[in-house]
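Each chain, written out:
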Amino acid sequence: MTSNFTGTTVIVTGGAKGIGRGICLGFARAGAAVLCADIDTAAGVELAAEPISGTGEIRFQRADASQASACQGLVDTATELWGGAGVVCNNVGIQPTDCYLPAHELSEAAWDRIINVNLKSAFLMTRACIPGMITRRKGVIINTASVQGLQSAKGVSAYAASKGGILSLTRQLALEYAEYGIRVLAVNPGTIDTPLVDEALAAVGGDEAAARVHMAALHPLGRIGQPEDVANLVMFLASDGASFMTGENICVDGGLMARGSWG
Ligand SMILES: NC(=O)c1ccc[n+]([C@@H]2O[C@H](COP(=O)([O-])OP(=O)(O)OC[C@H]3O[C@@H](n4cnc5c(N)ncnc54)[C@H](O)[C@@H]3O)[C@@H](O)[C@H]2O)c1
């Protein structure tokens, strides 16, 4: 990436591992001050210790993004440290391995947890960061949705609903805040090489290596993605190069959605 984010402050939820980690590192290496929010303290502390050359830095704050007070706490920290949150990446998302179930077998508690972490967190973070962005007449919110928001597969009713909700929320927030110079966008990753996918494969059992080859083959470009692939798109959307883009969602999926069916 060639964009220079020196002077830009970024909050990334679910930032300690997987795609979020890639986003944190991408922005920090491009000069940004990054606040990584996660419930995994060990992984967050480890990420914050990564050497970053230049002006970039990563701080870690333990935060459950499904909790309003934690989201407000993240924006407060970014404000105290750096004067506000310029870019907010609502990246956190879960699909617990014991929740790959038909809808009628999914417990209400599991539904609530998935919706709260995947969807409500984006509302809570938006509510916390928008007042500062309105004051500064500037800001970018980038939501990690999924190809699951566009098409679906069996056994992921809450996850699919949360991702569809994220796409709708993205459009709605874009309209609501465009007049303040605030842009809101979403990215739809295909299969990305992260702990979430590792855990899903392990839970299914069987030949993991063969399952990975099969997953890669589903993507027309013949591989699954890396966190950097998503980070590069997120960074472009946050840059001035995308200053006329808002309310849009973009796939970073190796051509999966172009195939028209992936389940
Ligand atoms: N990996 C994929 O193939 C894929 C595909 C499409 C979309 N996505 C989406 O990308 C995003 C990141 O996925 P990933 O694969 O990197 O997941 P991951 O499980 O590898 O990492 C998610 C991170 O979120 C953290 N987290 C979980 N609950 C949290 C909470 N309540 N508050 C704060 N942090 C919390 C975890 O500790 C972890 O560090 C999610 O929104 C996911 O739905 C992933």
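In short, a report on the structure. (Residues numbered from 1 in each chain as written. Predicted model: local features only at pLDDT ≥ 70, side-chain atom pairs only at ≥ 80, totals over all residues.)

**Section: the overall build of the chain**
Then comes step 1: Scanning the chain for helices and strands turns up eight helices and seven strands.
Then comes step 2: Over its C-alpha atoms the chain spans a radius of gyration of 17 Å, differing by no more than 12% from the 18 Å that the globule rule assigns to 263 residues.
Then comes step 3: In terms of its C-alpha atoms, the chain occupies a principal-axis envelope of roughly 50 × 40 × 35 Å.
Then comes step 4: Excluding contacts between residues fewer than 6 apart, the proportion of contacts in the chain whose partners are at least 24 apart in sequence is 74%. (Helix = DSSP H or I, 4+ residues; strand = E, 2+ residues; numbered from the N terminus. Rg over C-alpha atoms; globule rule 2.2 N^0.38 Å. Contact = placed C-beta atoms within 7 Å.)

**Here's the deal with unusual backbone geometry**
Then comes step 1: For Arg-137, which is not glycine, the phi torsion reads 55° and is therefore positive.
Then comes step 2: Here Arg-137 lies in the loop between helix H4 (108-136) and strand S5 (139-144).
Then comes step 3: For Arg-137, a count of 10 C-beta atoms within 10 Å corresponds to the exposed category. (Buried ≥ 20, exposed ≤ 12 C-beta atoms within 10 Å, placed from the backbone.)

**With respect to the site of the ligand**
Then comes step 1: For the ligand, the set of nearby residues contains 30 residues, the closest of which are Gly-14, Gly-18, Gly-93, Thr-194 and Leu-196.
Then comes step 2: Elements with a contribution of two residues or more to the shell around the ligand: helix H1 (18-29), strand S2 (33-38) and helix H6 (195-204). (Near = placed C-beta within 6 Å.)

**A word on the packing of H4 against helix H5 (residues 157-177)**
Angle between the axes and distance between the axes: these two values describe a pair of packed helices.
Then comes step 1: Here H4 crosses H5 at 15°, and the two axes come no closer than 9 Å. Judged by the angle between their axes, H4 and H5 are roughly parallel. The crossing of H4 and H5 is right-handed. Contacts between H4 and H5 involve Ala-110, Trp-111, Ile-114, Ile-115, Asn-118, Leu-119, Ala-122, Phe-123, Thr-126 and Ile-130 from the former and Ala-158, Tyr-159, Ala-161, Ser-162, Gly-165, Ile-166, Leu-169, Leu-173 and Tyr-177 from the latter.
Then comes step 2: Among the residues making up the contact of H4 with H5, the classes are represented as 15 nonpolar, four polar and no charged. (Axes fitted to C-alpha atoms, helices over the stretch in contact; angles between N-to-C directions. Parallel < 35°, antiparallel > 145°, perpendicular 65-115°, else oblique. Left-handed = near helix turned anticlockwise from the far one by under 90°. Nonpolar A, V, L, I, M, F, W, Y, C, P; charged D, E, K, R; others polar.)

**Notes on the nonpolar core**
Then comes step 1: Counting 69 residues, the largest nonpolar core has Ile-11, Cys-24, Phe-27, Val-34, Cys-36, Ile-142 and Val-234 as its most contacted members.
Then comes step 2: Non-local contacts of Cys-36, meaning those with residues more than four positions away in its chain, are made with Val-12, Gly-15, Ala-16, Cys-24, Gly-44, Leu-47, Ala-48, Ile-58, Arg-59 and Phe-60. (Core = buried A, V, L, I, M, F, W, Y, C linked by C-beta atoms within 7 Å.)

**Some words on the environment of Ala-43**
Then comes step 1: Secondary-structure assignment places Ala-43 in helix H2 (residues 41-48).
Then comes step 2: Note: C-alpha distance between Ala-43 and Ala-211 (168 residues apart in sequence) is 27 Å.
Then comes step 3: Apart from the residues within four sequence positions on either side, Ala-43 is in contact with Ala-16, Lys-17 and Asp-38.

**Some words on H1**
A turn of α-helix holds 3.6 residues, and therefore any two residues three or four places apart point the same way.
Then comes step 1: For H1, spanning twelve residues, the distance from its first C-alpha to its last is 17 Å, which sits close to the expected 16 Å at 1.5 Å a residue.
Then comes step 2: For H1, a buried count of eleven out of twelve residues is recorded, marking the element as mostly surrounded by other parts of the structure.
Then comes step 3: For H1, the set of buried residues is Gly-18, Ile-19, Gly-20, Arg-21, Gly-22, Ile-23, Cys-24, Leu-25, Gly-26, Phe-27 and Ala-28.
Then comes step 4: Gly-31 sits one or two positions beyond H1 and adopts a positive phi of about 105°. (Expected span 1.5 Å × (residues − 1).)

**Points about the sheet that holds S5**
Then comes step 1: The strand order S3-S2-S1-S4-S5-S6-S7 describes an open sheet built from seven strands, whose pairing is parallel. Edge positions in the sheet fall to strand S3 (57-62) and strand S7 (249-252), since each of these pairs with one other strand and no more. Averaged over all neighbouring strand pairs, the angle between strand axes comes to 20°, with direction disregarded.
Then comes step 2: The sheet contact formed by S2 and S3 spans six bridges and is parallel. Paired with Asp-38 across the two strands is Arg-62, which belongs to S3.
Then comes step 3: Here H1 sits on the sheet and contacts strand S1 (9-13), S2, S3, strand S4 (87-90), S5 and strand S6 (182-189); the angle it forms with S1, its principal contact strand, is near 170°. (Pairing = 2+ DSSP bridges.)

**Topic: the environment of Glu-50**
Then comes step 1: Along the chain, Glu-50 falls in the loop between H2 and S3.
Then comes step 2: Of the residues examined, Glu-50 has 12 C-beta atoms within 10 Å and is grouped as exposed.
Then comes step 3: Spatially, the C-alpha atoms of Glu-50 and Thr-170 are 32 Å apart, while their sequence positions differ by 120 residues.
Then comes step 4: If we ignore the near neighbours within four places in the chain, the residues touching Glu-50 are Leu-25 and Ile-58.

**Re the packing of helix H3 (residues 68-82) against H4**
Then comes step 1: At a minimum axis distance of 8 Å, the contact between H3 and H4 shows a crossing angle of 30°. As summarised for this structure, H3 and H4 are arranged roughly parallel, according to the angle between their axes. The two elements H3 and H4 cross, and the hand of that crossing is right-handed. For the pair H3 and H4, contact is made by Ala-68, Cys-71, Gln-72, Val-75 and Thr-79 and by Leu-124, Met-125, Ala-128, Cys-129 and Gly-132, respectively.

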